[in-house]
Structure formats: structure tokens, C-alpha cells
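Remarks on the overall topology
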Amino acid sequence: MITLLTMLGIPFFFGLFLCCNRNITNRKTLLSIVSLGFVATAVVTVFSWTSLLEQEITVFWLTQNLPLMFHLDRIGLLFSILALVVFLCAGFFSFSYMEHEKKERRYYGFYFLVLAILQGLCFAGNMVTYYLFFELLTLSSLPLVMQENTKEAIMAGLKYLFYSLCGAYFCLFGFYILFQNESTISFLWGGNLLADSIVAHPVLLQVAATCMIFGFSVKAGMFPMHGWLPTAHPVAPAPASAALSAVIVKAGVLGIIRVIYYQFGAFFLQGTKVQTLFLSLSLITVFMGSLLAYGEPVLKKRLAYSTVSQVSYILFGLFLLQGTAFTGSMLHVLGHGFMKASLFLCAGAIIHLTGKTRVEEFTGLGKEMPILLWCFTISSLGLIGIPPTGGFLSKWYLAIGALDSEIPFFSYVGPVVLLLSALLTAGYLLPITVKGFLPGAEFDTEKITKKEPNLWMLLPVLILTVLSVLMGILPNGLLGFLGSVFR
Amino acid sequence: MSVSLLCIVILFPMLVGALIPVLPFSNRKQMELYLFAMVVLNSLLVWTLILLHPAESLTVAKFTGNLTITFRLDGMGMVFAGLVATLWPFATLYAFEYMTKESHEKVFFFFYTMTYGVTLGIALAENILTMYFFYELLTLVTVPLVMHTLTREAILASRKYLYYSLGGAAFAFIGMIFIILYGDTISFTYGGVLDLHKIGNRVDILLLIYVFSFMGFGVKAAICPFNSWLPQAGVAPTPVTALLHAVAVVKSGAFAILRLTYFSYGMEFLRGTWAQQVVLAITSFTIVYGCGRAIKETHLKRRLAYSTISNLSYILFGAALMSPAGLVGALSHLVFHAFMKITSFFCAGAIMHQTEKHYVHELDGLGYAMPKTFTIFTLSALALMGVPGLAGFISKWNLAYAGIESGLPLGYIGVGCLLVSALFTAIYMMTIVIRGFFPGEGFDKNQVASFQDPNWKMLLPLCFFTVFILYFGLFSSSFIGFLQSLI
């Protein structure tokens with residue numbers, strides 16, 4: 001209990017302290033406090049991973065029948081690791097990136113709050129705890145979206161808020177119905193529906209499941225509720241976009257895992273219209289996201305559309321309700337997290353150093369900042385799914401899972417759409433590399449000066465890129481770990 | 001002894017109010033001190049009464065037959081009396097500061113304090129006649145408060161308020177006559193007092209009369225289509241709009257409907273009838289209608305008034321479900337909404353008092369000038385939206401639980417309306433919050449530099465209510481358990 005509270009309390013305390021304390025005006029003081037916060041958070045979080053695994057802790061009761069309960073299972077651990085790694089990398093990246101921005105104190109304050117809430121989300125042991133942190137996540141990440149304080153950012157923030165809340169209320173509606181038809185609200189692999197209820201009103205329960213999955217899919221940016229994502233992610237400062245796009249959308253993914261596998265149970269949903277509906281929606285999103293990214297000239301927006309598409313790969317794998325596809329999805333959660341964070345940080349570094357935002361301006365960039373563009377390239381290759389990166393592995397598992405699932409239509413169309421989307425991914429990411437390194441004959445190489453970003457910016461990008469490659473080269477530990485989850 | 005307290009707590013505030021114009025106060029401070037001491041004393045008496053909890057009743061007057069003016073403290077009365085007694089001293093404290101900018105204070109406090117006694121009369125009424133008597137009295141003592149500023153607008157508003165309330169009371173009167181005719185007794189008895197033998201084949205007429213009296217009492221609870229008096233009455237000074245038009249007066253209407261439904265007609269008699277369908281449909285509609293109008297409204301206090309209309313119908317929705325769970329939901333929202341709405345009204349009042357700004361679009365950037373007020377306002381907004389961890393979530397949870405449990409199609413639709421309204425609440429509240437904290441680029445801080453947070457007399461009540469909202473949001477088991485034990 002104490003470990004848990006410390007783990008959640010430390011980043012929360014730092015966040016609150018930074019938000020409320022108006023006296024910190026010196027940038028050096030601020031950054032040292034922030035670094036201290038990051039180190040402390042990392043230490044306690046890593047410690048609690050080892051000491052809290054598979055423990056159930058009930059903290060208190062919100063009201064009767066609604067305990068605030070935490071339970072760190074393996075799935076939660078996976079998301080927790082992703083959140084911590086990406087947040088640390090993007091956090092240290094911010095030190096350099098945010099130096100000319102206003103309201104840095106507030107930015108770091110909410111950054112810590114979001115981190116604390118994300119950890120709470122990963123550790124949540126029942127639906128009401130999950131829902132609590134899910135709503136808080138929306139509210140605490142809102143200031144990050146609106147950080148720039150431009151009209152565009154504020155409108156994007158409002159859009160983000162209302163889409164997310166709309167999703168959250170769909171979840172809540174489903175949960176209201178579910179609550180009276182399940183034996184306990186704790187997460188339990190295989191679901192915990194009452195047998196009587198399954199017999200008595202299966203359609204009602206399917207409606208509830210649809211509402212809940214749909215609600216969480218808003219956060220994951222699935223069609224038709226993806227509209228907020230390409231608006232909200234790019235307007236945030238680059239490190240915040242990285243955190244949003246790599247981790248916070250995964251809160252929706254984790255929610256869907258919890259709903260499907262831990263509340264209703266895969267068995268209940270197998271072969272129902274609910275499965276068909278969401279399989280179709282996720283495939284549409286995969287293709288549509290890539291297509292929109294392909295047509296988008298602004299790099300950060302292009303990456304946001306790419307997130308729309310890539311997260312739906314994960315969702316597709318989940319909706320197949322099949323072991324191999326599940327493994328593929330989980331691999332992609334990690335892989336996409338690392339790669340997308342790395343790509344967003346690269347975009348941020350480019351904006352910070354050159355002020356260029358549009359893809360056609362990037363000609364010759366490889367001569368100016370070769371290391372950065374190499375990282376960008378490797379992460380792009382991962383996202384496309386070229387071996388030996390992590391992206392290849394996850395897509396391989398997803399395709400095999402789809403073929404094995406023997407769901408009519410989707411088992412064939414699924415892999416085809418995934419492949420088409422991979423082609424499009426290559427189409428929207430690789431030209432940046434190609435133009436960057438090979439600007440063409442008429443490009444004037446005389447004017448080029450080395451502009452490689454400093455270590456604060458470069459190191460996080462390098463770490464994330466290396467992690468995504470390592471996943472592809474040495475996957476066995478991870479695969480064994482995931483194998484123990486899907487029973 | 002403890003029985004006589006029933007009468008004392010009602011008469012004492014009336015006496016205190018009546019003495020204000022008579023007593024020779026040499027300055028304002030003396031009057032404040034006298035008034036505050038007396039109000040606190042009366043609240044202490046109410047709480048003593050609740051703790052002693054005398055079971056017997058006290059008859060003070062006897063008309064013909066079984067028509068008596070009788071007081072008794074039962075569970076529901078305890079909830080309402082306790083709520084009013086808790087809020088009144090704080091509202092009085094707030095009013096001292098607020099009224100420094102208004103004229104003829106003595107008249108104001110004369111009626112304001114009398115209302116305290118009258119409201120307690122409704123809470124402690126033992127039978128429907130007593131409740132009706134105080135219900136009419138409440139209209140009469142609050143009309144001068146609405147009229148207070150004596151502008152043309154205020155006079156029109158108070159006239160409307162008077163006509164609406166008297167008209168509603170007339171319908172309620174019909175309901176009362178039928179209870180007297182067809183009931184075993186006029187006392188409030190949980191489960192109802194109707195005598196089925198006397199009714200015979202006139203069930204439909206009684207149901208029609210129920211709908212009439214529901215709407216009649218519903219006028220005070222601002223049910224659609226009888227809601228237009230409430231936003232207009234917002235011309236009254238903020239202590240009136242906050243305490244009377246968010247708690248005392250409007251909740252008297254809701255309280256009367258709860259009494260009528262559960263203690264006079266009885267839920268067995270009503271459940272499953274067309275009358276229930278009608279009132280469910282009307283309340284569900286009002287829930288959404290109120291919120292929709294709130295979004296459209298740009299005047300801050302009127303926006304909150306529309307929000308009150310919607311939230312009052314939450315309570316009535318609980319009443320219309322006609323089940324024990326519905327009563328628990330209704331009572332919990334009756335209490336929690338009181339705290340949330342009085343907080344947001346007091347914040348609005350503090351903003352108006354400090355800055356003379358009345359419209360939402362004038363509030364840009366005020367979050368920097370009045371951080372404490374705006375933070376508390378944000379909290380109340382989140383609570384009204386039903387963010388878990390705050391009181392609003394718990395009461396909505398209870399209402400939705402009852403709605404789903406009823407199994408009625410209109411129950412499900414009503415729960416859907418609750419969630420739609422939650423989204424609308426987010427729209428009309430969060431736009432204010434975001435305006436306050438994110439004024440957008442080009443905003444000049446000097447515009448708000450002259451404004452600051454109000455003094456302790458206004459902040460103390462706000463802080464106190466905030467603690468309540470948080471406390472009930474996190475640890476409501478014992479309170480909800482208490483509500484369930486009433487049934």
C-alpha cells in the first residue's frame with residue numbers, strides 16, 4: 001500500500017508543487033526540480049514494478065460497491081513501462097526544446113500530473129478505478145494540448161476535451177449496464193459476467209460492450225471518432241505530442257483490453273456482431289489514417305494521422321480475439337510507442353533548430369543533421385514494418401493471427417489492408433529520408449552548416465530508436481512474457 | 001424537550017429576522033454579529049435536534065378532523081434540514097460581504113433569515129397540509145428577495161415568480177385534497193397512505209391528479225415547461241440565487257415531490273403506470289433541455305440557473321423511478337448538487353462582486369487575477385460534470401444505478417439523458433474555465449491586473465464547500481449507507 005501510494009504520490013506531488021508554486025521564476029531552479037522529480041519517479045516506479053506485481057490493493061471505497069483498487073498485472077506492467085520510458089525521454093528532451101517557450105512551469109507541472117495519472121491507470125485493478133484515472137487523464141493532458149495558448153491550440157484543446165468526454169460517457173453508460181450484470185467489477189481474465197445475465201439479456205450486454213469499446217476507442221482515435229487526434233496532437237509542443245501520441249492514446253487501447261478480455265471475456269464476444277462491427281471499423285481506420293497521412297504536408301500532422309492508422313493495427317489485433325494477434329498487438333503497443341515518440345521528437349528537433357514544419361522544406365536536411373535523420377529513418381522503417389525492427393515482428397504476428405483466426409472475410413482482408421497501409425506508410429515516411437539525404441543535383445550544398453541538436457535532444461531520440469530496434473532483434477524475452485498473459 | 005426543538009428551530013429564525021428592523025444597531029458590524037450568531041445558533045439547534053432524533057411528533061394546531069399542523073423529524077427531513085442548516089451560516093457570511101455593494105440591507109436580511117425558518121418548516125413537516133402551508137409561505141417570503149434591487153427587470157421577475165409559484169401551488173393543492181379524501185391519513189408514511197378500497201375504479205383519476213400535483217410542485221423545481229421563472233429570478237442578489245434558487249426554494253419543490261411520490265401516493269401504487277411514464281419522460285426531457293439552454297446562455301448567472309434546472313430534474317428523475325434505489329439517488333443528488341451549485345454560484349458572485357463582469361465572454365484571463373476563485377470554480381465544474389473522485393460522480397452513479405435497475409426503457413433513456421447532460425455540462429462549464437486560464441494569444445495581462453481574489457468572508461465558505469465536495473466524492477460510503485438505512 002505504502003509503495004503504491006508513494007509511487008503515485010511522488011509525480012503527483014511534483015506536479016502539484018510546480019503548478020501551484022508561482023515563485024519559481026529561475027529556469028535553472030525549475031529544471032533541477034524537474035530532474036529531481038524525474039529521477040525520483042523513475043526510482044519508485046521501477047521499485048514498485050518489482051514489489052507490487054500481481055498484488056491486489058484496495059485503498060478505500062468511493063461508495064458502497066465501488067472500491068478504489070489497484071492490481072498490477074502483466075498487461076498493466078507493459079503499459080507502465082512504456083509510459084515511464086517515453087515520458088522520461090520526452091521530458092529530458094523538453095529541457096532543450098522548451099527553453100524559449102512561455103509558461104514552462106505549468107507545462108512541467110501538468111506533465112508530472114499526467115505521468116502520475118497514467119501510472120495509476122496502468123495499475124488500476126477494477127473498472128471504476130480505471131474510469132477515474134481515464135477521465136483525470138483527459139483533464140490533466142488538456143493543458144499540454146493548449147500549452148501554446150494560440151487560438152488554434154485552444155480550439156484543438158476544446159475539441160480534444162469534448163471528443164474524449166463523449167467517449168468517456170459512452171464508457172460510463174456501458175459500465176452502468178455492465179455493473180448490474182457482473183459478479184465483481186475487478187478485472188479478471190476471461191470476464192466476470194454473471195451466467196444468468198448472459199442467458200437472460202445477451203443483446204443488452206452486447207450493447208453495453210459496444211458502448212464501452214466505442215467509448216475507449218475515441219481515445220485510441222478510431223474512425224468515426226478520430227477527428228480530434230490530428231487536430232490536438234500537432235498543436236502541442238513536440239515532446240508533449242510525443243507523449244500524447246505514443247502513450248496517452250494507449251490509454252484507450254488498455255481500456256479496450258480491459259473491457260474485452262477482463263470484463264466481458266473474449267468468449268462472450270466471439271463471433272458476435274460487436275466483433276464484426278469493430279473489426280470493420282478498425283480496418284477502415286488503418287487504411288484511412290494512412291491515406292490521410294499520405295496527403296498531409298505538415299510533418300507533425302502527418303505523424304498524427306499515422307498514429308490514427310497505427311493504433312488501429314493494435315485494435316484490429318485485439319478485436320480478432322486470438323492469441324497470436326493479441327501478442328502482435330502488445331508488441332505493437334510497445335513498438336509503436338517507441339517509434340512514434342522518436343519520430344515526434346525528431347520533428348520537434350527539426351522545428352526547434354530550423355523552424356521548418358512542412359515536408360517539402362526538408363530537402364537536404366540529412367546533410368545538416370545526419371544522426372537525427374538516421375534515427376528518423378530507422379523509426380520510419382520500423383513503422384513500415386521492415387525487418388529487423390520491432391515493427392516487423394508485431395505486424396507479422398498480427399497478420400499470422402488474422403489468418404489463423406478463421407473469421408470469414410476478415411482473416412483474408414485484414415492482412416491485405418495491413419499490407420496496403422504499410423505501403424502507404426512507406427509512401428509518407430520514406431520521401432522525407434530520401435529528400436533529406438539525397439537532395440538532388442540542383443541543391444546547393446555550399447550553404448549547408450552542421451546543425452546537429454545538442455545531447456539533451458539527441459540522446460532521448462537515440463534511446464527510443466535503439467529500443468525499437470532491440471525489440472525486433474531480441475524479442476524472445478518479451479514474447480515469453482506476453483505468452484504468459486494470453487491464456 | 002427535544003420535541004419542542006422542532007418548533008423552536010422554525011420560529012427562531014423568523015423571530016430573529018423580524019427583530020432586525022426593530023433592534024437599534026449602531027453600525028453594520030453589530031448587525032452582522034447579531035445575525036451571524038443567531039443563524040449559527042439555530043444551525044446548532046438543528047444539528048442537536050438531528051442528533052437527538054426525537055421519534056414523536058409535535059402538533060401545534062388542529063383544524064377540523066384530522067387536519068393538523070404537525071412537525072416530526074424523519075430520515076428525509078433529517079437530510080434536508082441538515083443540508084439547509086449546514087449551508088445557511090456560510091451563505092450568511094458570504095452575504096455580508098456581497099451586500100456591501102447593495103442597498104437596504106436590513107430588508108434583505110429580514111426576509112433572508114425568515115426564509116431559513118420557513119424552509120425548515122418544509123423539512124420538518126409531518127403531514128402534507130403542514131408542508132403545503134410552509135410551501136406557500138416560502139413563496140411569499142422569497143418574493144421580496146427577488147424584487148430586492150427594485151429595477152424594472154427585478155419587479156417583472158418577481159411577479160413572474162409569484163404567479164408561477166402560486167399557480168403551481170394550486171395544482172399541488174388539488175393533489176393534497178385527493179390525498180385527504182382517499183388516504184387513510186394525511187401523515188407522511190413511507191410506502192404511501194392511499195386506501196385502495198376507497199379508490200375503487202378511480203385509479204386513473206388519481207394518477208392524473210398525481211401528474212397534476214407533480215407538475216404543480218415541479219414549478220418550484222423548475223420542471224420544463226414551467227422553468228422560465230428561474231433564470232429570470234437571477235436578477236436577485238447572488239446570495240439569494242445561490243442559496244435559494246439552487247438549494248432552499250427549488251429543492252423544496254423537489255423535496256415536496258419526493259414526499260408526494262414516496263410518502264403519500266406510495267411507489268407501489270404508481271410504479272409501472274402511465275403516470276410514471278409521463279413524469280419520467282418530462283424529467284428526462286428537462287435534464288437535456290436545461291443543459292442545452294445553458295450552453296446557449298452567455299450571462300454567467302443565468303447559465304448556472306439553467307444548469308440548476310437540469311440538475312433539479314436529475315433529482316426528479318430519481319423520484320420518478322419510484323424505487324428505493326431511486327430515492328437514494330434523488331436524495332444524494334439533492335445534497336451533493338446543493339454543495340456543487342452553491343459553490344459555482346458563489347464563485348460567480350465573487351467574480352461579479354470583484355470585477356462587475358456578468359457575461360461569459362468578459363471573463364478572459366481572469367484565472368490569473370483570481371486564481372483561488374477560479375480553481376474552486378473549476379473544481380465545482382468538474383464535480384457537476386461528474387468526474388469521479390468528486391461528489392457529482394457518486395450521486396449520478398446512484399441515479400444511473402436506479403435507472404438501469406428499473407429495467408424500464410425510459411429508465412435507460414433517462415440514464416442516456418444524464419450522460420448527454422454531463423457532456424453539455426462539460427461544454428458550458430469548461431468553456432468558462434478555459435477562458436479564465438487560457439485567454440489566447442494577444443491577451444494583455446494588464447487588463448486583469450486590478451482584480452484580485454475576494455476577502456476571507458467569501459473565500460471561507462467556498463473552501464468549506466470544496467472540502468465537502470472532495471470528501472463526499474472520495475468517502476461517501478457512510479453517507480450513502482445512511483440514506484439506504486432510511487428506507
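So, here is what we can say about the structure in this document. (Residues numbered from 1 in each chain as written. Chains lettered and ligands numbered in written order. Predicted model: local features only at pLDDT ≥ 70, side-chain atom pairs only at ≥ 80, totals over all residues.)

1. Describing the overall build of chain B
What counts here: Strands here mean DSSP runs of E at least two residues long; helices mean DSSP runs of H or I at least four residues long; both are numbered from the N terminus. In this description the radius of gyration comes from C-alpha coordinates, and the expected globular size is given by 2.2 Å times residues to the power 0.38. To assign burial, the other C-beta atoms lying within 10 Å of each residue's own C-beta are counted, with C-beta atoms placed from the backbone; 20 or more indicates buried, 12 or fewer indicates exposed, and intermediate counts indicate partly exposed. Here, residue contact means that the backbone-derived C-beta atoms of the two residues sit within 7 Å.
Across its full length, chain B carries 20 helices and 2 strands. Whereas a compact globule of 487 residues would reach a radius of gyration of roughly 23 Å, chain B reaches 22 Å, a difference of no more than 12%. Its C-alpha atoms give chain B principal-axis dimensions of roughly 75 × 55 × 45 Å. The 487 residues of chain B split such that 60% are buried. Across chain B, every contact between residues at least 6 apart in sequence was considered, and the portion connecting residues at least 24 apart equals 81%.

2. As for the overall build of chain A
Of regular secondary structure, chain A possesses 20 helices and 2 strands. By the burial criterion, 60% of the 487 residues in chain A qualify as buried. Considering only contacts in chain A between residues 6 or more positions apart, those separated by 24 or more positions represent 81%.

3. Section: the interface of chain B and chain A
The test is simple: Classification convention: Asp, Glu, Lys, Arg as charged; Ala, Val, Leu, Ile, Met, Phe, Trp, Tyr, Cys, Pro as nonpolar; all other residues, Gly among them, as polar.
The interface is formed by 26 residues belonging to chain B together with 27 residues belonging to chain A. Every element with two or more residues in the side of chain B that touches chain A is listed here: helix H17 (391-406), helix H18 (409-437) and helix H20 (477-485) of chain B. Per-element tally for the side of chain B that touches chain A: the top contributor is H18(B), with 9 residues. For the side of chain B that touches chain A, the class distribution of residues is 18 nonpolar, 6 polar and 2 charged.

4. Points about the packing of helix H6 (residues 151-179) of chain A against H18(B)
Test applied: In this analysis, axes come from line fits to C-alpha atoms, helices being fitted only over the stretch in contact, and the angle between any two N-to-C directions falls in the range 0 to 180 degrees. These descriptions rest on fixed angle ranges, namely under 35 degrees for roughly parallel, over 145 for roughly antiparallel, 65 to 115 for roughly perpendicular, and the rest for oblique. Definitions for this section: a left-handed crossing has its near helix turned counterclockwise from the far helix by less than a right angle. A right-handed crossing has that turn clockwise.
In contact at an axis separation of 10 Å, H6(A) and H18(B) are set at 155° when each is read in the N-to-C sense. The orientation of H6(A) with respect to H18(B), classified from their angle, is roughly antiparallel. H18(B) is crossed by H6(A), and the crossing has right-handed handedness. Only Val415(B), Gly416(B), Leu419(B), Ala422(B), Leu423(B), Ala426(B), Ile427(B), Met430(B) and Ile434(B) of H18(B) make contact with H6(A), whose side of the interface consists of Ile154(A), Gly157(A), Leu158(A), Leu161(A), Phe162(A), Leu165(A), Cys166(A), Tyr169(A), Leu172(A), Phe173(A) and Tyr176(A). Here the contact of H6(A) with H18(B) is built from residues that sort into 18 nonpolar, 2 polar and no charged.

5. Considering the nonpolar core
Stated precisely, the cut-off is as follows: The term nonpolar core refers to a group of buried residues, namely Ala, Val, Leu, Ile, Met, Phe, Trp, Tyr and Cys, whose C-beta atoms join them within 7 Å.
In terms of nonpolar packing, the biggest core is built from 386 residues, with Val86(A), Leu121(A) and Ile342(B) touching the most fellow members. The contact partners of Ile342(B), leaving out residues within four places of it in the chain, are Leu87(B), Ala242(B), Leu243(B), Ala246(B), Val247(B) and Phe465(B).

6. Re unusual backbone geometry
Leave glycine aside and you will find that most residues have negative phi; peptide bonds, for their part, are mostly trans. In this model, Pro387(A) is joined to Pro388(A) through a cis peptide bond whose omega is 5°. As for its position among the elements, Pro388(A) is in the loop between helix H16 (370-384) and helix H17 (390-405). Residue Pro225(B) follows Cys224(B) across a cis peptide bond; omega there is 10°. Within the fold, Pro225(B) resides in the loop between helix H8 (203-218) and helix H9 (229-232). Located in the positive-phi region is Ala222(B), a residue other than glycine, with phi close to 55°.

7. Here's the deal with helix H13 (residues 299-319) of chain A
In plain terms, the rule: By definition here, a helix of n residues has an expected span of 1.5 Å times n minus one.
For H13(A), with 21 residues, the first-to-last C-alpha span of 30 Å sits near the 30 Å given by 1.5 Å per residue. Two residues or fewer after H13(A) comes Leu321(A), characterised by a positive phi angle close to 55°.

8. With respect to the environment of Ala400(B)
Relative to the elements of secondary structure, Ala400(B) occurs in helix H17. Leave out the neighbours within four places in its chain, and Ala400(B) touches Tyr176(A), Val415(B) and Leu418(B).

9. Let's talk about the pairing of strand S2 (residues 66-71) of chain A
Residue and element names in this part refer to chain A. Let me state the cut-off plainly: Being paired, for any two strands, means DSSP has found at least two bridges between them.
Here S2 lies mainly inside the structure; 6 of its 6 residues are buried. Here S2 shows two buried faces, one formed by Leu66, Leu68 and Phe70 and the other by Pro67, Met69 and His71. Relative to S2, strand S1 (residues 56-63) is paired through 6 bridges, and the arrangement is antiparallel. Across the sheet, residue Phe60 finds its bridge partner in S2, namely Leu68. Hairpin connection from S1 to S2: 2 residues lie between these consecutive antiparallel strands, with Asn65 at a positive phi of about 70°.

10. A few points about the environment of Ile434(B)
With respect to the secondary-structure elements, Ile434(B) resides in helix H18. Distance from Ile434(B) to Thr378(B), taken between C-alpha atoms, is 9.2 Å for residues 56 residues apart in sequence. Sequence-distant contacts of Ile434(B), that is, excluding residues within four places in its chain, are made with Ile154(A), Gly157(A) and Leu158(A).

11. Focus: the packing of helix H4 (residues 105-124) of chain B against helix H10 (residues 238-265) of chain B
Residues and elements named next belong to chain B. Put simply, H4 and H10 touch, their axes get as near as 10 Å, and they point 25° apart. By the angle between their directions, the pair H4 and H10 is classed as roughly parallel. Note on packing geometry: the crossing formed by H4 with H10 is left-handed. In this structure, H4 contributes Thr115, Thr119 and Ile122 to the contact, and H10 contributes Leu244, Ala248, Ser252 and Phe255. For the contact of H4 with H10, the class distribution of residues is 4 nonpolar, 3 polar and no charged.

12. Section: the environment of Tyr397(A)
Residues and elements named next belong to chain A. Within the secondary structure, Tyr397 sits in helix H17. Put simply, Tyr397 and Gly323 are 74 residues apart on the chain and 9.5 Å apart in space, counted from C-alpha to C-alpha. With near-sequence residues (within four places) excluded, Tyr397 lies in contact with Thr324, Ala325, Thr327, Gly328 and Leu331.

13. Quick word on H6(A)
A rise of 1.5 Å per residue sets the reference length of H6(A), with its 29 residues, at 42 Å; its end C-alpha atoms lie 41 Å apart and thus fit the reference within 8%. In terms of burial, H6(A) is largely enclosed, as 22 of its 29 residues are buried.

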